[in-house]
Amino acid sequence: MKRGPKWLVLIGSALLAWVLLLGLVIATFNWNRARPFINDKVSEAIGRPFAINGDLTVEWQRDRSSHGPVGWVPWPEFTARDVRIANPGWATQPQFAHLDALHFRLSPLALLAHRIDVPSLQLVNPGIDLERDKQGRATWDFALPQDTAPSNWHLNLGSVGFGSGVIRLHDGPTQTSLKVTVTPLQSAIPYAEIVAQQTTEARRQVNQSAARATRQAAGDDKPAASNRSITYQFGWNAQGTYQGNPLNGHGKTGAVLALQNANQPFPVQADVHLGDSHIALVGTLTDPLQLGALDLRLWFSGSSMAKLYPLTGITLPDTPPYATEGHLKATLGDKGSRYSYQGFRGHVGGSDLDGDLLFVTGGARPKLSGDLHSNRLRLSDLAPLIGADSNAEKKQRDDGKPQPADKLLPVEPFRTERWRAMGADVKFTAARIEHGKALPIESLSTHLVLNNGALYLDPLSFGVAGGAVRSNITLDGSRQPMHGVLKLHARHLKLKQLFPEFAPMRTSFGEINGDADLTAQGNSIATLLGSADGELKLLMNDGAISKTLLETAGLNVGNIIIGKLFGDKNVKINCAATDMTAKSGLFDMRLFVFDTGDAVINVHGTVNLSTEALDLDVKPHTRGLRILSLRSPLYVRGTLKHPDVGVQKGPLLLRGAGAIALGALAPAAALIALIAPSHDNGEGGDNTCRAVLQQLRHTGNITPPKGKLSPSALKK
C-alpha cells in the first residue's frame, strides 16, 4: 500500500475509534452525576429551586421520521424521575410542581445550529399548585434573569403529552379555590361522538322551553370531516369555588397538545356548573404556542345573564332564566383576542333571541358589538333590566335588591361599575312584542352604546298601536350619582288599536300624542325619577275610559278615581290634556283636564316621585243634573303604591276653579303643538282637543256645555 492511502486509513480508523469511544462513554455515562449541574443551572434560570431527585437516564434511538444518512444518527431520549419545582417563600404550598417523570427527545444535529429541537415532551403524573395572594403575587410568575442581549439559542417544542395528574388553584383576588383531576379514559372516544353527547346533555339540562328554542340552532353542530379522526383520551373533573360560588364540572381532552402544528387540533370538552349558571362547550384548540384559535359549540343557561360577568368579564343585563346555543370562534393573542359568538339562538324568559356577537379584548378596554333579533319579545322579560321584576323573581336570580313593600318605583341599583369595565355597540330589534291582549306594543328597536361608563340608547323606538314612540336615553354611569337624560316623543297612537279588547274604542278615531324631556340623577329608577327636572305633556282625544280598562292597564290611582266619579261604566272622553313640570322629583300639574260627555274634570296638585306621595285635588264640573255625585270634588293622598281617594268638602270646589283659570293659559297654548294638522282625529276631521285647548287658551277655563265641545260650538 502506498504511503498516502495508508495514512488516510490510519486517520480514518483513529476517528472512527474516537467516535466509537465517545459513543461508548456517552452510552455508559452515569447521567446522575450531571444532576447537580443541571439543578443549579435550571434553578438559576427560573429564579427558584429546581431538583431532579430521582434517576436521570438516557436512551439512544434512531429518528425513524428522518431519511438518508441523517436517519441513522441516534437521538438521546432523556428520562428524569421525581422532578420538583419549589414555590416562592410566601406561598402556602412548598411545591409549585411535581412530576413522577419527565420524558423528552433531543435532536443532536440541531445543537450544531444553536437550536434545541424537542419534538415531544411527556409529563408523567403531574401535580401542580397554583396560587395568587391578595397582593397579586402569583406562583406562576418566575423571576427570570434580566438579560437584554438576544440569545443565540432557540427552543422549538413540538408537542406536550400528559397522563394522570392533579392541578390545584387558590386565587385570593377572585376568591377561587379549585381542584382539577385528570385521568385516562378506558378507551379513546371519537370527536363526533363527544359532540353528539354534549349536545344532548346540554339541552337536557335546560327546561323544555329552552330545548324548543335551542333546537332550531342544531343544524350546524355536526363536526367537520377533518375533525372526525380526532379522539378524546383523558377525562377531567373540577370541584371547588369560583368568586365565592360553588363550581363543579367535568370534561374530556386529547392526549397530545401540538404546539407547532396548527393542522393537529387539540380536542376539548367541558360541562361546568357555576352556581346556577351552566356553561358547556365542545370543540378544538389549534396553535396554542401562539395562543392560537378556538372553534367550539357553546351553550349557556342560567337564572340571569348578569351572573356570567365573573366568568366572562362581559357586562350583561339582569334577565329572566335563559338558554342559548351557538358557535364560538376565537383568535387568541397576547395583545388582544377576538371572540365571535355566531348564529346563536335561544330564549330569555318567554322571549326568543338570536344573532351574532363579537367580543374584542386589548386596547383601553374590551368591547362587545353585535346585532340581536327577537321574533317574539315578552315585555315582562325586560323588567329585570330596570329592577322591576317581582321579589320572587329577584330571589330566583339571587342578585337583585328586594323591592320594599310600600314602594312602586324599582329601587334596585344599576351596576354602573361594570359599565366602566368595557365598551359596547349593539343593535337590537324585536319584530313583535307581547304585553297581553289589552295593550299591544307592536315592535321595538334600539341602538345601545356603552362608552367610558356612559350608556346610550339612541334611539329606543317602539311601534305602538299604529303610531310610534321614539326616545333617546343617556345614563352616565361614570358620574356618581349617575346622571340621566330622557327625551321622548309619542305620536299618533290610535286608541282603537291600543285597546282592541275594549269595545267602546273600536269605533274611535282618537289618538294619543305626548312629549317628555327630563334630566335626573341617581343609581336606580326610583332615585332617577325622584330627582327628575323637566316637563311632561300628553294629549288624548275622542276616546273612552272605564275603571275596568284602567285596572287592565295597571293604572291603580286612575281606576280608583274613575270608580269614585263614574262607577264602573264606560265614559266618553272628548279630550284629556296634561302638562306637568318637574323639579327635584316633584311633578306639578300645570294643567290636567278631562272633557267627558258628562263633565269637565280638572286635576291640580303634585306627585312627589322622591317620596311617592300624592297630593291631588280632582274637581268635576257636571254637565247638567244627570250625575249629581259629580258635584263633589275628590282628594287623592297616600302613595303611588297605596293611594287614598276620598270626597272633599265643598269650599275646595271654588278654590280649585280659580286656580285653573289662572294657570291654564300658557300650558294650553303649549299643548296645541301636539295636535298635528294632518292628523286632527286620525281621519282628517276636527280634533276635539283643539277646541278644548283653544277655549282654555282664550278664557282660562272650560264652560261645561250640555253637549260635546266642538269648534262649531265654540263659534256660537
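Above this note sits the structure.
Residues numbered from 1 in each chain as written. Predicted model: local features only at pLDDT ≥ 70, side-chain atom pairs only at ≥ 80, totals over all residues. Heavy atoms only, no water.

**Concerning the overall build of the protein**
Per the secondary structure count, the protein includes 15 helices and 34 strands. Out of the 716 residues in the protein, the part that is buried amounts to 44%. In the protein, of all internal contacts separated by at least 6 residues, the share reaching a separation of at least 24 is 56%. When the accessible surface of the protein is summed, it comes to about 36,000 Å², and 58% of that surface belongs to carbon and sulfur atoms. (Helix = DSSP H or I, 4+ residues; strand = E, 2+ residues; numbered from the N terminus. Buried < 20%, exposed > 50% of the residue type's maximum accessible area, 1.4 Å probe, protein only. Contact = heavy atoms within 4.5 Å. Areas by Shrake-Rupley, 256 points an atom, 1.4 Å probe, with all protein chains shown as cover.)

**A short note on the pairing of strand 10 (residues 231–242)**
Judged from the nine bridges that link them, strand 10 and strand 11 (residues 245–253) form a sheet pairing that is antiparallel. Across the sheet, the residue bridging to Gly240 is Leu247, located in strand 11. Hairpin connection between strand 10 and strand 11: a loop of two residues separates the two successive antiparallel strands, and Gln243 in this loop has a positive phi of roughly 50°. (Pairing = 2+ DSSP bridges.)

**So, helix 11 (residues 556–566)**
Among the residues of helix 11, Val557, Asn559, Ile561, Ile562, Leu565 and Phe566 are the ones counted as buried. At the exit of helix 11 stands Gly567, carrying a positive phi of roughly 75°.

**Focus on the environment of Ala101**
As for its placement among the helices and strands, Ala101 is situated in strand 4 (residues 95–105). Of the residues examined, Ala101 reaches a relative accessible area of 8% and is grouped as buried. C-alpha separation for the pair Ala101 and Gly54, spaced 47 residues apart in sequence, amounts to 8.6 Å.

**Some remarks on the packing of aromatic side chains**
Under the definition given, this model contains seven aromatic pairs. Both rings, one in Phe78 and one in Phe104, keep their centres 5.2 Å apart while their planes meet at 15°; by these two values the pair is stacked. Taken together, the positions of Phe78 in strand 3 (residues 74–86) and Phe104 in strand 4 put the pair 26 residues apart, joining distant regions of the chain. Ring pairs connect the aromatic residues Trp31, Phe78 and Phe104, which therefore count as one cluster. Above the face of the Phe96 ring, Arg48 is positioned so that its terminal group lies 5.6 Å from the ring centre. Cation over ring: Arg48 sits above Phe142, and NZ or CZ is 4.1 Å from the ring centre. (Phe/Tyr/Trp six-rings, centres within 6.5 Å; stacked < 30°, edge-to-face > 60°. Lys NZ or Arg CZ within 6 Å of the ring centre and 35° of its normal.)

**Here's the deal with the side chain of Thr174**
The topology assignment puts Thr174 in the loop between strand 8 (165–171) and strand 9 (176–190). Assessed through its relative accessible area of 18%, Thr174 is described here as buried. One polar contact links Thr174 to Asp171, side chain to side chain, over a distance of 2.5 Å. Setting aside chain neighbours within four positions, we find Thr174 in contact with Arg132, Tyr242, Gln243 and Gly244. (Polar contact = N/O pair within 3.5 Å; in protein donor to acceptor, adjacent residues only side chain to side chain.)

**Things to note about the pattern of salt bridges**
Enumeration according to the criterion identifies 18 salt bridges in this entry. One salt bridge in this structure joins Glu535 and Arg590, with 3.9 Å as the shortest N-O distance. Of the two residues, Glu535 is situated in strand 28 (residues 533–545) and Arg590 in strand 30 (residues 586–596); the sequence distance between them amounts to 55 residues. A relative accessible area of 33% places Glu535 in the partly exposed class. Under the relative-accessibility criterion, Arg590 is labelled partly exposed at 33%. (Salt bridge = Lys/Arg side-chain N within 4 Å of Asp/Glu carboxyl O.)

**Remarks on the pairing of strand 34 (residues 643–647)**
Sheet analysis places strand 33 (residues 634–638) next to strand 34, joined by five bridges and oriented antiparallel. Within strand 34, the position partnered with Val636 by the bridge is Val645. In textbook terms, the turn of a hairpin is the stretch between consecutive antiparallel strands, and for strand 33 and strand 34 this stretch comprises four residues.

**Section: unusual backbone geometry**
Here the residue pair Asp458 and Pro459 is connected by a cis peptide bond, since its omega of 0° sits within 30 degrees of zero. Structurally, Pro459 is set in strand 24 (residues 454–464). Residue Gln480 is joined to Pro481 through a cis peptide bond whose omega torsion reads -5°. Looking at where Pro481 falls in the secondary structure, it is placed in the loop between strand 25 (467–476) and strand 26 (483–494). Not every positive phi belongs to a glycine, and Gln243 is a case in point at roughly 50°. Classification of Gln243 by relative accessible area gives partly exposed; the value is 31%. The backbone of Ala465 sits at a positive phi, close to 50°, despite the residue not being glycine. By the element assignment, Ala465 lies in the loop between strand 24 and strand 25.

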